[in-house]
Amino acid sequence: MIDKLPEPLAKAVKATLEDWKANNKVQRLWARDASLWTNTDESKWLGWLGIVEEQLAKRQSFQVIAEEIRAAGFKQAVLLGMGGSSLCVEVLKLTFGRIAGYPEVLVLDSTDPAQIKALESKLDLAKTIFIVSSKSGSTLEPNIFKQYFFERVRQVVSAAEAGKHFIAVTDPGSNMQKVAEASGFRHVFFGLASIGGRYSALSDFGAIPGAIQGIDIGKFFDHTEKMVRACSASVPADQNPGVILGATLGTLARSGRDKITIFTSPGISDLGAWLEQLIAESTGKEGHGIIPVDRERIGSPEVYGNDRVFAYLRLESEPDATQAAAVAALEKAGQPVVRIVVPESYDLGQEFFRWEIATAVAGSVIGINTFNQPDVEASKIETRKLTEAYEKSGSLPAESPVLVDGGIKLFTDEKNAAALKQAAASDATLAGYLRAHLNRLRAGDYFAVLGYIQMNDAHESQLQTIRHAVRDKRRVATCLGFGPRFLHSTGQAYKGGPNSGVFLQITCDDAADLAVPGQKYTFGTVKAAQARGDFQVLAERRRRALRVHLGADVAAGLAKLQQAIQQALS
């Protein structure tokens, strides 16, 4: 790892590393000393420190499950999960691709009906194995995904055979274990209670789907073990790659550079999505935190402020001269850049472990509990209230827009509504309200687009155009997330981190909905409840937030929104 830091920042990081050496903090981390953070329950959440050794000891078991699934004739494997249970699997799927002779891996982490139907249309249900992944076993989305697809499989292969098309990965004693056993699942694999979801990539939550994909999991952990040794308790802080990275991120965040912008080689492009969750959910709380910026196109140096630190993860086997030149230009302009070379795909586990150590260290430097996620729970509670209300009444509570223009409706809370109405003045149009909202951005703020619409290439392209237009005009960091998946990721930092975000939530009417077997509510109802619950907590945290409701024609609505954003920025 190579850091290119301006001299004052380099001195500050050096001082942090000297503190870690002088106070034996590397050894204390490995000894699970909770006083490194807030001295509450942190020691209960450090099981990931020893997980690689445990996985190597049972390496043969991964080959056994991989061969069993292949021999059973399954052609596709669908991971049903959210957050830490799905993001690592998505990284492995996109990095290693389809491996000959093994099932194609697909990931479902959205309650959007169109997205569920789009995935289902790709499946031969009779030859598909489903991996229901939920640490707690009580998370809403994996449970209703299971209900939906178990019923669909039952219709195709019979009730007696349906369970053989399902595997669960969960913690011992969870409700998901009970569901799996009652439903006759083929297998139940267990995580460790001492490993939180976002730290679970190297546990069975990542390893079992990876093995089924055809990855040589033994080889993967052999490579990972090298980083474990490099970050071990016996390696001094100033020679320890995980500690150096964490000290850098934590120290720079305390100095005001609290937006980490992640650039990756195309071959490991999805690593940023996993890093987003790890960093945001671990550090974004109590008004502090590091805001991860993923999939933001590299710009010229003048579009960036002094609130950024850049991480460039380069896959050595796939050099990109254009990308390297753009990063070099940022360094030349005096921006802090952390460069990490990833030799090959099988070294991905090294980065999982390096960044897990780094995030734990950064949380210690910042002074927060790296391992809880209080504001994620707040959104879940609000969503649960709304879905329970729907089960009783058959509808969600009525709501009134603050503006309707060209079929697009704007919603917000009373405080934001009053501020936007005053700022928009006589320009009571979509562009006028968006201009008022974007004018709230100040130096050091960030702009986040939160899209509760189908996650597909066309929608991502349109939302990327919006985020980059705002970045280039207002010179602020920008984030883009699709709901509800970001709720289990960056959502924690948006609600619990520094109050420096300006949020644009985007919702739609579902052109076609899907029933959830055994429930009155539908997937569309759940998605709507999640969006409302998300927005309510943002408002309670006094965030600057505006919701744009597109209607049923998402493509037309996005085109109107994009045009209005351009007008608002002109």
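This report concerns the structure included in the present document. All figures in this text were calculated on a predicted structure; none of them were measured in a lab. (Residues numbered from 1 in each chain as written. Predicted model: local features only at pLDDT ≥ 70, side-chain atom pairs only at ≥ 80, totals over all residues. Heavy atoms only, no water.)

## Quick word on the pairing of strand β16 (residues 544-549)
Then comes step 1: Extensive coverage of β16 is indicated by the burial of six of its six residues.
Then comes step 2: Burial of the side chains of β16 extends over both faces: Arg544, Leu546 and Val548 are buried on one face and Ala545, Arg547 and His549 on the other.
Then comes step 3: As paired elements, strand β12 (residues 408-411) and β16 share three bridges and run antiparallel to each other. Paired with Leu410 across the two strands is Val548, which belongs to β16.
Then comes step 4: Where strand β15 (residues 501-507) meets β16, six bridges bridge the pair, whose relative direction is parallel. In the strand pairing of β16, Leu504 is matched with Leu546.
Then comes step 5: Of the crossover connections in this fold, the one passing from β15 over helix α21 (residues 523-540) to the parallel β16 is right-handed. (Buried < 20%, exposed > 50% of the residue type's maximum accessible area, 1.4 Å probe, protein only. Helix = DSSP H or I, 4+ residues; strand = E, 2+ residues; numbered from the N terminus. Pairing = 2+ DSSP bridges. Right-handed = clockwise from strand over helix to strand, strands pointing away.)

## Comments concerning the pattern of salt bridges
Working definition: two side chains of opposite charge can pair if their charged atoms are close together.
Then comes step 1: Per the counting criterion, the structure on display carries 38 salt bridges.
Then comes step 2: Taking the shortest distance from any N to any O, the salt bridge between Glu90 and Arg485 comes out at 2.9 Å. Linking Glu90 in helix α5 (residues 87-96) with Arg485 in the loop between β14 (477-482) and α20 (491-496), this pair joins segments that are 395 residues apart in sequence. Here Glu90 matches Arg485 in class, with each residue buried.
Then comes step 3: Salt-bridge contacts for Glu151 lead to Arg154; the nearest nitrogen and oxygen are separated by 2.6 Å. On the criterion of helical spacing, the pair formed by Glu151 and Arg154 is a turn pair, its members being three residues apart in helix α7 (residues 140-157). (Salt bridge = Lys/Arg side-chain N within 4 Å of Asp/Glu carboxyl O.)

## Description of the sheet that holds strand β6 (residues 187-190)
Then comes step 1: Ordered by their spatial adjacency, five strands build an open sheet running β3-β2-β4-β5-β6, and the pairing between neighbours is parallel. Across the chains shown, the open sheet's two edge strands, defined by having one partner strand only, are β3 (104-108) and β6. Looking at each pair of strands side by side, their axes are set apart by 20° on average, direction ignored.
Then comes step 2: Note that strand β2 (residues 76-80) and β3 share five bridges and pair parallel. Bridge pairing links Leu79 to Val107 in β3.
Then comes step 3: Of the strands in this sheet, β4 (128-134), β5 (166-170) and β6 are in contact with helix α4 (residues 59-71), which crosses β6 at around 155°. (Axes fitted to C-alpha atoms, helices over the stretch in contact; angles between N-to-C directions. Contact = heavy atoms within 4.5 Å.)

## Details of the side chain of Thr261
Then comes step 1: Within the element layout of this structure, Thr261 appears in strand β7 (residues 259-264).
Then comes step 2: Under the relative-accessibility criterion, Thr261 is labelled buried at 0%.
Then comes step 3: At 2.8 Å, the side chain of Thr261 and the side chain of Arg308 are in polar contact. (Polar contact = N/O pair within 3.5 Å; in protein donor to acceptor, adjacent residues only side chain to side chain.)

## What to know about α5
Then comes step 1: Counting buried positions along α5 yields eight of ten residues, so the element is predominantly enclosed.
Then comes step 2: At its buried positions, α5 is contacted by β2, β3, α10 (204-213), α11 (217-230), α13 (271-283) and α15 (348-366).

## Notes on the environment of Glu391
Then comes step 1: With respect to the helices, strands and loops of the structure, Glu391 is situated in helix α16 (residues 374-393).
Then comes step 2: Relative accessible area serves as the criterion here: at 23%, Glu391 is assigned to the partly exposed category.
Then comes step 3: Taking the C-alpha atoms as reference, Glu391 lies 7.4 Å from Gln519; in sequence the two are 128 residues apart.
Then comes step 4: Residues contacting Glu391, with those up to four places away along its chain left out, are Gln519, Lys520 and Tyr521.
Then comes step 5: Among the polar contacts listed, one links the side chain of Glu391 to the backbone nitrogen of Lys520, at a separation of 2.8 Å.

## A word on the nonpolar core
Proteins that are soluble and globular tend to have nonpolar side chains buried together.
Then comes step 1: One finds Trp48, Trp274, Phe352, Phe353, Trp355 and Ile357 to be the most contacted residues of the largest nonpolar core, which totals 92 residues.
Then comes step 2: Broken down by element, the residue count for this core peaks at eleven residues, all from α15.
Then comes step 3: Those residues within four positions of Trp355 in sequence are excluded, and the remaining contacts are Leu245, Leu249, Ile260, Trp274, Leu275, Leu278, Ile279, Ala311, Leu313 and Ile340. (Core = buried A, V, L, I, M, F, W, Y, C linked by side-chain atoms within 4.5 Å.)

## Considerations on the side chain of Lys495
Then comes step 1: Relative to the helices and strands, Lys495 resides in helix α20.
Then comes step 2: Excluding residues that lie within four positions of it along the chain, Lys495 makes contacts with Asp375, Ser379, Leu487, Asp534, Val537, Leu538, Arg541 and Arg543.

## As for α13
Then comes step 1: The first and last C-alpha atoms of α13 sit 18 Å apart over 13 residues, in line with the 18 Å expected at 1.5 Å per residue.
Then comes step 2: Within α13, 13 of the 13 residues are buried, leaving the element largely enclosed by the surrounding structure. (Expected span 1.5 Å × (residues − 1).)

## Things to note about empty space enclosed by the protein
Then comes step 1: Taken as a whole and assessed by the stated rule, the structure comprises four cavities of 30 Å³ or more.
Then comes step 2: Taken as a whole, the largest cavity spans an internal volume of roughly 110 Å³.
Then comes step 3: Lining the largest cavity are Leu87, Ala273, Glu276, Arg295, Met455, Leu480, Gly481, Phe482, Arg485, Phe486, Ser489 and Thr490.
Then comes step 4: Broken down by secondary-structure element, the contributors of at least two residues to the lining of the largest cavity are α13 and β14.
Then comes step 5: For the lining of the largest cavity, the element with the highest residue contribution is β14, accounting for three residues.
Then comes step 6: Here the lining of the largest cavity is built from residues that sort into six nonpolar, three polar and three charged. (1 Å grid on protein atoms, 1.4 Å probe; cavity = no way out; pocket = protein on both sides within 12 Å on 5 of 7 lines; lining within 4 Å. Points joined across faces, edges and corners; volume = space filled by probe spheres on them. Nonpolar A, V, L, I, M, F, W, Y, C, P; charged D, E, K, R; others polar.)

## Focus on unusual backbone geometry
Then comes step 1: Cis rather than trans, the peptide bond between Gly483 and Pro484 has omega equal to 5°.
Then comes step 2: Here Pro484 shows up in the loop between β14 and α20.
Then comes step 3: If you check the backbone angles, Asn39 has positive phi at about 60° while not being a glycine.
Then comes step 4: Mapped onto the elements of the fold, Asn39 is located in the loop between α2 (25-30) and α3 (51-57).
Then comes step 5: Positive phi values are uncommon outside glycine, yet Glu286 reaches one of about 55°.
Then comes step 6: Positionally, Glu286 belongs in the loop between α13 and β8 (291-294).
Then comes step 7: You can call Glu286 exposed: its relative accessible area is 55%.

## With respect to the sheet that holds β8
Then comes step 1: In spatial order, the strands read β1-β10-β9-β7-β8; together these five strands make up an open sheet with mixed pairing. Edge positions in the sheet fall to β1 (2-4) and β8, since each has one partner strand and no second. The mean inter-strand angle of the sheet, taken between neighbouring strand axes irrespective of direction, is 20°.
Then comes step 2: Against the sheet, helix α12 (residues 241-254) engages β1, β7, β9 (308-315) and β10 (337-342), with an angle of about 155° to β10.

From the geometry alone we can't say anything about function, so treat these as descriptive.
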